[in-house]
Amino acid sequence: MVVLLYIGLLLWSLVCVTAVQTLFNRQYLPFAIQQTFALNSISVHYFLRLASFLCGLDTFFRYQDIEAFYTNSGVFPSSLYTAMCEEMGVCDFDLKTGGTALTTADHCLHLSSGDLNFQRLLFGMTFALAVYNMRKPRTWSLAVLYVLLSSMHRRNHFINDKGSMTLRVIQLWATLLSLTFTEKEVEDANDAEDGESSTVSKTTEQTTPVLRVSTYTASAGSVGFIFQVGMIYWFSAMYKYAPSADDSWSSGQAIDLALRFQAHSTAVGQFMLTLPPVVLVVLTHVSGALESVGPFLFMSPFHTSFFRGVGVVSFVGFHLGIGTTMDLGIFPIYSCALFVPLVPKEWWAYICCDRWGRKCSPEAMGGGSGEIEKSGGRGGRGGRGRGGSGGSG
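Residues numbered from 1 in each chain as written. Predicted model: local features only at pLDDT ≥ 70, side-chain atom pairs only at ≥ 80, totals over all residues. Heavy atoms only, no water.

Participant: Got a minute to help me understand the pattern of salt bridges in this structure?
Facilitator: Any two side chains of opposite charge can pair, so long as their charged atoms come close to each other. Using the criterion set out here, one finds three salt bridges in the structure. Where Arg 62 meets Asp 58, a salt bridge forms, and the shortest distance between an N and an O atom there is 3.0 Å. Note that Arg 62 and Asp 58 are positioned in helix α3 (residues 41-63) at a spacing of four residues, about one turn of the helix. A relative accessible area of 9% means that Arg 62 is categorised as buried. Using a relative accessible area of 9% as the deciding quantity, one classes Asp 58 as buried. (Salt bridge = Lys/Arg side-chain N within 4 Å of Asp/Glu carboxyl O. Helix = DSSP H or I, 4+ residues; strand = E, 2+ residues; numbered from the N terminus. Buried < 20%, exposed > 50% of the residue type's maximum accessible area, 1.4 Å probe, protein only.)

Shown next, in the form of structure tokens:
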């Protein structure tokens, strides 16, 4: 019965995604809505590579303790995993409420064998796929990497944290975005010298890659990603401000209490405690307001690039602030990486073209204001720039 439920939910999801994608492809939705949920293809491309890099980094760090945490000779053999699931009902390792009883077939390849060499093989495959996707991400390889990463995390819940969950979200959306932001849309970001995305110098007769950063695409994937980012912070704010015995967020004492927890507080956090109490009260209310209304900055139909830039800077600063005042491992870095697809195209034009000296297309340097083109997809050759069909908004 559970299997049939999963199949039904999957089919319903496919129907909904297909319907939304059809609305975008056939231009049924108003231009303002398409512009609101469009993502820059170069930002998505770098996000795919960054997600793969982070997966490889996570795999490398976990490999250091592979025998202790992933084999039957370590502290958590597969037999103990099965016993806790079937007899204690705490497969999710929530010792307060328990969880649904799951077995070793819980979508975890790493539970298939507790042999050290078998685990090394799976770790090696994961790392190799991560390196491959860092060079040229593909949907199939990103999907396989997500399965291997999830399996690795599922093998031992006790060493996971919020950073592990965030990394899985990043890799999942890297896979989903690669479905709609195809390689053809981001081919100009590759360093490979190919005909359309390169120019030939008349003096040196050398081929120079041209970076085009003005292509925006609205799709079911971009809609889902933007709402996913929003729901992460909306539900976080709802949880913090929900009526309970602990009203530290409503009273403005939450950050003060968090920094007094010596196990996670850093030197910067201890310094923050020496500041006037009103400072921490203000920061508590500001962070709560950012989580509540900040995601709407990524959904503005007007001046989209400007508001998204403000949102990216605000949330990245928010997570860097958390990371410098509290010892949370690599979790703040994972959280910052989640905003790469929302980076406006003007930022890439400045970084890659102005600062790094790469050859850029005229549209990247001065044409348009970063809005999606009305013609949809990649647009016609004459549809970019201020005088094209894309408009400058």
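Continuing now.
Participant: Just checking my understanding: could you explain the packing of aromatic side chains for this structure?
Facilitator: Two measures describe an aromatic ring pair: the distance that separates the ring centres and the angle between the ring planes. Per the stated rule, a full pass over the model turns up 16 aromatic pairs. Consider the rings of Tyr 63 and Phe 123, whose centres lie 6.0 Å apart with planes at 55°: the pair is tilted. Here Tyr 63, found in helix α3, pairs with Phe 123, found in helix α6 (residues 116-135); they are 60 residues apart in sequence, far enough to count as distant. Accessibility expressed as a relative area gives 36% for Tyr 63, which makes it partly exposed. Note on Phe 123: relative accessible area 2%, which makes it buried. Members of the aromatic cluster, each reached through a chain of ring pairs, are Tyr 233, Phe 298, Phe 315 and Phe 339. (Phe/Tyr/Trp six-rings, centres within 6.5 Å; stacked < 30°, edge-to-face > 60°.)

Participant: Explanation requested: the side chain of Thr 166 in the structure shown.
Facilitator: Take Thr 166: it is sitting in helix α8 (residues 162-180). Look at Thr 166 and you get buried, because its relative accessible area is 12%. Other than its neighbours up to four places away in sequence, Thr 166 contacts Phe 331, Tyr 334 and Ser 335. (Contact = heavy atoms within 4.5 Å.)

Participant: How should α3 be read in this particular structure?
Facilitator: Since the α-helix turns once every 3.6 residues, residues separated by three or four places project in the same direction. Compared with the 33 Å implied by 1.5 Å per residue over 23 residues, the 33 Å span of α3 between its first and last C-alpha is a close match. The buried count for α3 comes to 17 of 23 residues, which makes it a mostly enclosed element. In this structure Asn 40 caps α3, since a side-chain oxygen of it lies 2.9 Å from the backbone nitrogen of Ile 42. (Expected span 1.5 Å × (residues − 1). Polar contact = N/O pair within 3.5 Å; in protein donor to acceptor, adjacent residues only side chain to side chain.)

Participant: Teacher, can you tell me more about unusual backbone geometry here?
Facilitator: Apart from glycine, the bulk of residues carry a negative phi angle, and the bulk of peptide bonds sit in the trans form. Backbone geometry at His 303 places phi at a positive 50°, although glycine is not the residue there. Position of His 303 among the secondary structure elements: in the loop between α13 (277-293) and α14 (304-325). Take His 303: its relative accessible area is 58%, and that puts it in the exposed class.

Participant: For this particular structure, what's the right way to read a nonpolar patch on the surface?
Facilitator: A cluster of nonpolar side chains, namely Phe 53, Phe 60, Phe 61, Phe 127, Val 131 and Met 134, defines an oily patch on the protein surface of about 560 Å² accessible area. Those elements giving two or more residues to the nonpolar patch turn out to be α3 and α6. Owing to a relative accessible area of 43%, Val 131 belongs among the partly exposed residues under this scheme. (Patch = residues over 30% accessible without salt bridge, like charges linked within 9 Å, V, L, I, M, F, W, Y side chains within 5 Å. Areas by Shrake-Rupley, 256 points an atom, 1.4 Å probe, with all protein chains shown as cover.)

Participant: I keep staring at α14 and nothing clicks. Help me out?
Facilitator: The first and last C-alpha atoms of α14 sit 32 Å apart over 22 residues, in line with the 32 Å expected at 1.5 Å per residue. Among the residues making up α14, those that are buried are Thr 304, Ser 305, Arg 308, Gly 309, Gly 311, Val 312, Phe 315, Phe 318, His 319 and Thr 325.

Participant: Before we go on, may I ask you to explain the environment of Ala 289 in this structure?
Facilitator: The residue Ala 289 is located in helix α13 in this model. Note on Ala 289: relative accessible area 37%, which makes it partly exposed. Sequence-wise, Ala 289 and Ala 237 are 52 residues apart; in three dimensions their C-alpha atoms are separated by 8.3 Å.

Participant: Before we go on, may I ask you to explain the packing of α3 against α6 in this structure?
Facilitator: A packed helix pair is summarised by two numbers, namely the angle formed by the two axes and the spacing between the axes. Between α3 and α6, the shortest axis-to-axis distance is 8 Å and the interhelical angle comes to 155°. Relative to α6, α3 is oriented roughly antiparallel. Helix-helix and strand crossings are classified by hand; for α3 and α6 the assignment is left-handed. Within the contact between the two elements, α3 uses Arg 49, Ser 52, Phe 53, Cys 55, Gly 56, Thr 59, Phe 60, Arg 62 and Tyr 63 and α6 uses Arg 120, Phe 123, Thr 126, Phe 127, Ala 130, Asn 133, Met 134 and Arg 135. (Axes fitted to C-alpha atoms, helices over the stretch in contact; angles between N-to-C directions. Parallel < 35°, antiparallel > 145°, perpendicular 65-115°, else oblique. Left-handed = near helix turned anticlockwise from the far one by under 90°.)

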